[in-house]
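Structural description and commentary
Chain by chain, the residues run as shown.
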Amino acid sequence: MAIGGGYCAAKVLLSAVGLRLFTVLGDGAMTAGQIAERLGLVERPATDFLDTLVSLELLDRDGNGSGACYRNTAETARFLDERSPAYQGGLLKIWDDRNYRYWADLTEALQTGRAQSEIKHSGRPFFDTLYQDPRRLEAFMGAMDSSSRRNFELLATRFPFERYHRLCDVGGADAVLARIVAAAHPHLRCTTFDLPAVTEIAARKIAEAGLGDRIEAVAGSFLTDPLPGADVITMGMILHDWDLDHKRMLIAKAYDALPDGGAFVVIESLIDDDRRTNTFGLTMSLNMLIEFGDAFDYTAADFRRWCADAGFRSFETIPLDGPSSAAVAYR
């Protein structure tokens, strides 16, 4: 029953993030009436909403009754106040704006194998519409940045980058992986490779970080263009966006772009090989069904098998944050 009703708690949190409640509260405290007025809510149901957040330990409340004041918990202050450097709400906003509604059609997706996202309603895939709206694209890049940053920081310390000289991050978005790894390993020269609209954002972020002498933002399509050559090629949350044929094609492109001894690194919420415990990875695979129809997440064993077929000779898996890992194939 708790799992079946879990959508209620999820939507309460997503609505709170979408309303910017945790940012509005900041390090202060407000009554239900003050919050309702500030956010444009009806006070009586707003009180239920706020007290639900208290019961979920997502808000603290001082006192009872109409004079009670609500404030952030230590966790929501750190991760859901937009002014915090550890802010994680960008991805939650996207889930509130779009994913939550599309997941209502999971049964149809399972029965048809077809996407239930924008393409179902407009005929245009999500990324096509995203790239035509610069503000929406930048917000999406920011959400991906915050949700990926910890994994990339751990990768920078756990993968032996000291053995290599050139890195290319394929589908590099706003260059967050390249910026983190370059800052941690000053000897590396890095390339971030993505579509032109994205590399414009990446170039600005690289310049702001003072890393323009060691990171280059290169425009291109990893579907139609050869990948830039490098000693290490990384793909962060890229392979899971595609069907098996495209996965194999991208792996083959990485193999061709690497020298002997080079490394191909993917960062994903890898499903455990027995497919029993990584609930996040499994639900992410269902999310790929909802988004794209024929895309899916995979296990480290799947990755090793596909890479071995492409010619890679050895493999390892590096644990990262929570359900995420890096799978590495060496040429």
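Residues numbered from 1 in each chain as written. Predicted model: local features only at pLDDT ≥ 70, side-chain atom pairs only at ≥ 80, totals over all residues. Heavy atoms only, no water.

Of the voids in this model, the second largest pocket is the one considered here, and its volume is about 660 Å³. In this structure, the second largest pocket is lined by 16 residues; those nearest its centre are Ala-10, Trp-95, Tyr-100, Trp-103 and Thr-283. Taken together, the elements giving at least two residues each to the lining of the second largest pocket come down to α1 (6-18), α6 (89-102) and α14 (279-292). Residue composition of the lining of the second largest pocket, by class: 11 nonpolar, 5 polar and no charged. (1 Å grid on protein atoms, 1.4 Å probe; cavity = no way out; pocket = protein on both sides within 12 Å on 5 of 7 lines; lining within 4 Å. Points joined across faces, edges and corners; volume = space filled by probe spheres on them. Helix = DSSP H or I, 4+ residues; strand = E, 2+ residues; numbered from the N terminus. Nonpolar A, V, L, I, M, F, W, Y, C, P; charged D, E, K, R; others polar.)

Attention now moves to the sheet that holds strand β2 (residues 59-62). Read across the open sheet, the 3 strands follow the order β1-β3-β2; overall the sheet is antiparallel. The sheet is open, and its two borders are formed by β1 (30-31) and β2, each paired with just one other strand. Here β1 runs beside strand β3 (residues 69-72); their pairing, made up of 2 bridges, is antiparallel. If you follow Met-30 over to β3, its bridge partner there is Tyr-70. Packed on one face of the sheet, helix α4 (residues 43-55) meets β2 and β3 and runs near 110° to β2. (Pairing = 2+ DSSP bridges. Contact = heavy atoms within 4.5 Å. Axes fitted to C-alpha atoms, helices over the stretch in contact; angles between N-to-C directions.)

Bringing α4 into the picture now. In a regular helix each residue adds 1.5 Å, so 13 residues correspond to 18 Å; α4 covers 18 Å between its end C-alpha atoms and thus fits that length. Every buried residue belonging to α4 is among Ala-46, Phe-49, Leu-50 and Leu-53, and all of these are buried. End-on view of α4: buried residues confined to an arc of 95°, all on one side of the axis. Turned more than 90 degrees away from the buried face of α4, the exposed residues are Arg-44 and Ser-55. (Expected span 1.5 Å × (residues − 1). Buried < 20%, exposed > 50% of the residue type's maximum accessible area, 1.4 Å probe, protein only. Arc of directions from axis to C-beta.)

Overall, the coordinates contain 8 aromatic pairs when judged by the stated rule. Residues Phe-264 and Phe-303 carry aromatic rings whose centres are separated by 5.8 Å and whose planes lie at 40° to one another, so their mutual orientation is tilted. Of this pair, Phe-264 sits in strand β8 (residues 263-268) while Phe-303 sits in helix α15 (residues 300-310); the two residues are 39 residues apart in sequence, bridging distant segments of the chain. Overall, the relative accessible area of 0% leaves Phe-264 in the buried class. The ring of Tyr-255 has Arg-331 sitting right over it, with the charged end atom 4.0 Å from the ring centre. (Phe/Tyr/Trp six-rings, centres within 6.5 Å; stacked < 30°, edge-to-face > 60°. Lys NZ or Arg CZ within 6 Å of the ring centre and 35° of its normal.)

Among the secondary structure elements, Ala-29 is positioned in the loop between α2 (21-25) and β1. Note on Ala-29: relative accessible area 39%, which makes it partly exposed. Along the primary structure Ala-29 and Phe-49 are separated by 20 residues, whereas in three dimensions their C-alpha atoms are 16 Å apart. Setting aside residues no more than four positions away along its own chain, Ala-29 makes contact with Cys-69, Tyr-70 and Arg-71.

What follows is about the state of the cysteines. Here, the word disulfide means a covalent bond between the sulfur atoms of two cysteines. If you walk through the whole model with that rule in mind, you get 0 disulfides. Free cysteine: Cys-168, not disulfide-bonded; nearest cysteine sulfur from Cys-190 at 9.4 Å. (Disulfide = S-S within 2.5 Å.)

Quick look at unusual backbone geometry now. A positive phi angle, near 70°, is found at Ala-175, a position not held by glycine. For Ala-175, the position within the fold is in the loop between β4 (166-170) and α11 (176-184). Among the residues examined, Ala-175 registers a relative accessible area of 0% and is labelled buried. Residue Arg-275 is not a glycine yet carries a positive backbone phi of 55°.

This part is about the environment of Asn-278. With respect to the helices and strands, Asn-278 occurs in the loop between β8 and α14. The spacing of Asn-278 and Gln-116 is 162 residues in sequence and 24 Å in space, taken between C-alpha atoms. Not counting residues within four places of it along the chain, the set of residues in contact with Asn-278 comprises Ser-269, Leu-270, Ile-271, Asp-272 and Pro-323. Here Pro-323 takes part through its backbone oxygen, which lies 3.1 Å from a polar atom of the side chain of Asn-278. (Polar contact = N/O pair within 3.5 Å; in protein donor to acceptor, adjacent residues only side chain to side chain.)

Here Asn-99 lies in helix α6. For Asn-99, a relative accessible area of 8% gives the class buried. Residue contacts for Asn-99: discarding those within four places in its chain leaves Ile-94, Asn-287 and Glu-291.

Ranked by internal contacts, the top residues of the largest apolar core, which has 30 residues, are Leu-155, Phe-159, Phe-161, Val-265 and Ile-267. Breaking this core down by element, the ones donating at least two residues are α10 (134-158), α11, α12 (196-208), β8 and β10 (325-330). The element contributing the most residues to this core is α11, with 6 residues. In contact with Ile-267, other than residues within four places in its own chain, are Asn-151, Phe-152, Leu-155, Leu-177, Met-235, Gly-236, Met-237, Leu-320, Ser-325 and Ala-326. One finds Ala-230, Val-266, Phe-303 and Trp-306 within the second-largest nonpolar core, a separate group that totals 27 residues. (Core = buried A, V, L, I, M, F, W, Y, C linked by side-chain atoms within 4.5 Å.)

We now examine α10. Under the 1.5 Å per step criterion, the end-to-end length of α10 is 34 Å for 25 residues, consistent within 8% with the ideal 36 Å. A maximum bend of about 45° is found in α10 at Ser-148. Among all positions in α10, only Leu-137, Phe-140, Met-141, Ala-143, Asp-145, Ser-146, Ser-148, Asn-151, Phe-152, Leu-154, Leu-155 and Ala-156 are buried. (Bend = angle between axes of the 7 residues up to and from the residue.)

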